[in-house]
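# Chains, contacts and geometry: an overview
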Amino acid sequence: MTLVRLLVGLAMLWAPPALGQTAYEARRVAVLWDSSVSARWRDTTGHQLLEMPLNRLGYAVVPVDAAKALPDPASIPDLRGGVLWFEGDSLPDPGAVLGFVERVQALGGKLVVMGDPALLRRPDGGQGVALADANRAFARAGFRLNEGHVRITFDVEIVRRISAMVEFERPLDAVLPPFSIWRPADSRATSHLIVRRRNRPETESHPVFVGPGGGLAAFGFTHFYEPELKQRQWRLDPFAFLAAAFGHTGGPAPDVTTLAGRRIFFSHIDGDGWRNVTEVQPWRRARKLSAEVVLEDVLKRYPDMPVTVAPIAGDLHPDWCGTEETRDLARRMFALAHVEAASHTWSHPLDWSFFARADANAREAAVLRRYPGCGEGPTRLQAAWRRVQTRIAGPERDDGTEFEGQYGHSLYNTPRTYAMRPFDLDLEFEGAARWLETLAPPGTRIGLVQWSGNTLPYANALEAARRAGLRNINGGDTRFDREFNSVAYVAPVGRREGAHFQVYAAASNENTYTDLWTDRFFGFRALVETIENTGAPRRLTPINLYYHVYIAEKEVALRSLHENIAAIRQLPIVPIFASHYAAIAEGFDTVR
């Protein structure tokens, strides 16, 4: 009988769902943003703060631009709900947004409001949707917005405060921010914060609570932000709040941090600085390249640590800036069993958006004089003198070449590092990968591109990478240390751009630790703090040792790399290549 019961139980587990039943977990969350205020999804609070905690719960984010035609929510598979989190307090078309929200709710989805819902106003000061209409949607989530607004808060008292929820990383200020009058619309709602002016019961507001159909974290009570230093911290516990608001059961969820019960470790190297002469002794006396120091002092020293190495094809190709020496170093690296070959593009774009326009090559022709060629780059003293000369000469005519690339504001002001021929997406991806394969052992197939420059590829670039058979990685710049003391600096798994997905690196490289490689060259040693803080009390990321070849230029920088490796080798990890992690991350976005 016991065997029969077991067989019946297994049959039930494997049986397909009956007709009419939901076959998949609802794990997609539509986060609405307004491109008329923040031009890029990447710069919104929805992406920078909210997406990572949603990922941690197993949810994949679908960005929905409220400034454009909104999709039918029914076209988003496995939709769990929607989030309103706008940078402004008005919307170009509040009625369309309300219609989207109500359609989400009609499909059984939850509604979460973060900050100002922005439904009641238009940017020109005109009336948005009527309060009664907005409350129709809010009430389904369990809350209601009343008339009135408390602007003077010096005499506001806290009636109820669940500190674990509303003072997660930073306590509430002694003087609270102005607030709207939010009230529960359902007896099942849980208020985590109740405030009011003394002796003014009509001003009572519940700015943080969870209802049966979603949740609310009102403006001023989600997070702290200091614009001058760009510092941010959560006030709200985003993990607990979002789990409660979306009815997270704690069941199985996709996870990019762990394999076989151990924390994932992967390492990848961008090829920047391949041709730079090292300052580290004893190699300096022989004028060895930084790439050779990486090969001899890092790669050969740690054969148990898999690493993905991505040269820039322009640093190696004989028709660009390559030499037999730079190519031989790539061959020797790629021949190592624990090294995975990857590509860091052909010409190393710095500002990807520059090349998104059809006239990019014509625009670039106007600034070709700025490219440094293949000689050694300017020394720091020479670069400083050039900046002084520029200031003395006064501003140049604007030719549209102020870039966001990591070198765009310092040594160079060019949209890419090399420009020996017009920009060509196919060359950057297919061309670079296939040519770099000629330097690798026979049968090697390069399957990964590591984004260069500002790591903000546009949709066509992502498509070209996919067309070339390449997964992708880089961007995100996750840090969680004494200088960046918040989970708000931990990036999500990646960024959706149109129909494509950009996979973020799981940690920042040494560039952000060294003021863009200008100072504090020892700074990368702080990576161990990020590893610790993203490992407990919640495992937020895998361990990622990500750096550039130029780390081998400076003695203290190279030492910081060895310190990080020594710390990682003490941990219970499962080492994989970067392309494997990129596949896992892409799977997170697509899994059902």
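Criteria and cut-off values
- Residues numbered from 1 in each chain as written.
- Predicted model: local features only at pLDDT ≥ 70, side-chain atom pairs only at ≥ 80, totals over all residues.
- Heavy atoms only, no water.
- Helix = DSSP H or I, 4+ residues; strand = E, 2+ residues; numbered from the N terminus.
- Buried < 20%, exposed > 50% of the residue type's maximum accessible area, 1.4 Å probe, protein only.
- Contact = heavy atoms within 4.5 Å.
- Areas by Shrake-Rupley, 256 points an atom, 1.4 Å probe, with all protein chains shown as cover.
- Phe/Tyr/Trp six-rings, centres within 6.5 Å; stacked < 30°, edge-to-face > 60°.
- Pairing = 2+ DSSP bridges.
- Axes fitted to C-alpha atoms, helices over the stretch in contact; angles between N-to-C directions.
- Core = buried A, V, L, I, M, F, W, Y, C linked by side-chain atoms within 4.5 Å.
- pLDDT = per-residue confidence, 0-100.
- Salt bridge = Lys/Arg side-chain N within 4 Å of Asp/Glu carboxyl O.
- Polar contact = N/O pair within 3.5 Å; in protein donor to acceptor, adjacent residues only side chain to side chain.

Within the protein one finds 17 helices and 22 strands. Taken across its 592 residues, the protein has 54% of its residues classed as buried. In the protein, the share of contacts with a sequence separation of at least 24, taken over all contacts with a separation of at least 6, comes to 77%. By element, 53% of the accessible surface of the protein is carried by carbon and sulfur atoms, the whole surface being about 26,000 Å².

Per the counting criterion, the structure on display carries 20 aromatic pairs. Judged by centre distance (6.1 Å) and plane angle (50°), the ring pair of Trp85 and Trp234 falls under tilted. Separated by 149 residues along the polypeptide, Trp85 in the loop between strand 3 (79–84) and helix 3 (94–106) and Trp234 in strand 12 (residues 231–234) bring together distant segments of the chain. Overall, the relative accessible area of 4% leaves Trp85 in the buried class.

Attention now moves to the sheet that holds strand 4 (residues 110–114). Ordered in space as 2-1-3-4-10-9-8-6, the eight strands form an open sheet in which the pairing is mixed. One side of each edge strand has no neighbouring strand; the edge strands of this open sheet are strand 2 (60–65) and strand 6 (156–161). The sheet shows a mean angle of 20° between the axes of neighbouring strands, direction not considered. Across four bridges, the pairing between strand 4 and strand 10 (residues 214–217) is parallel. The residue bridging Met114 from the neighbouring strand is Ala217, located in strand 10. Each of strand 1 (28–33), strand 2, strand 3 and strand 4 touches helix 2 (residues 45–56); the most contacted strand, strand 1, lies at about 170° to it. Most of the contacts of helix 3 go to strand 3, to which it runs at about 150°, and overall it touches strand 1, strand 2, strand 3 and strand 4.

Bringing the nonpolar core into the picture now. Soluble globular proteins tend to bury their nonpolar side chains together. Formed by 75 residues in total, the largest nonpolar core has its most connected members in Leu299 and Phe429. The element that contributes the greatest number of residues to this core is helix 12 (residues 425–437), accounting for seven residues. Not counting residues up to four positions away in its chain, the partners in contact with Leu299 are Ile269, Val294, Val307, Val309, Met333, Leu336, His338 and Val339.

It should be kept in mind that the predicted coordinates are not to be read in detail where pLDDT is low. Taken as a whole, the protein shows an average pLDDT of 91; of its residues, 90% reach a score of 70 or greater. In the model, residues 6–20 has pLDDT below 50 throughout and makes one contact with residues more than four positions away in sequence or in other chains. Of the regions scoring below 50 in pLDDT, residues 377–384 engages in eight contacts with residues more than four places distant in sequence or in other chains.

On to the pattern of salt bridges, then. In total, this model carries 48 salt bridges according to the counting rule given. A salt bridge links Glu364 to Arg416, with the nearest nitrogen and oxygen atoms 2.8 Å apart. Note that Glu364 is positioned in helix 10 (residues 360–365) and Arg416 in the loop between helix 11 (380–393) and helix 12, a separation of 52 residues in sequence. Residue Arg416 is classed as buried on the basis of its relative accessible area of 1%. The partner of Glu437 in a salt bridge is Arg434, and the shortest N-O contact between them spans 2.8 Å. Of the two residues, Glu437 and Arg434 are both situated in helix 12; the distance of three residues between them amounts to about one turn of the helix.

Inspection of the secondary structure puts Thr326 in helix 9 (residues 324–334). Thr326 gets classed as buried once you look at its relative accessible area, which sits at 2%. Reaching out from Thr326, the side chain makes a polar contact with the backbone oxygen of Asp315 at a distance of 3.1 Å. Excluding its chain neighbours within four sequence positions, the residues that come into contact with Thr326 are Trp274, Arg275, Leu289, Asp315 and Leu316.

Moving on to the environment of His248. Locating His248 in the fold gives a position in the loop between helix 6 (238–245) and strand 13 (258–259). According to the relative accessible area criterion, His248 is partly exposed, its value standing at 26%. The spacing of His248 and Tyr59 is 189 residues in sequence and 9.7 Å in space, taken between C-alpha atoms. Those residues within four positions of His248 in sequence are excluded, and the remaining contacts are Leu57, Tyr59, Arg80 and Ala243. A distance of 3.3 Å separates polar atoms of two side chains, one belonging to His248 and the other to Tyr59.

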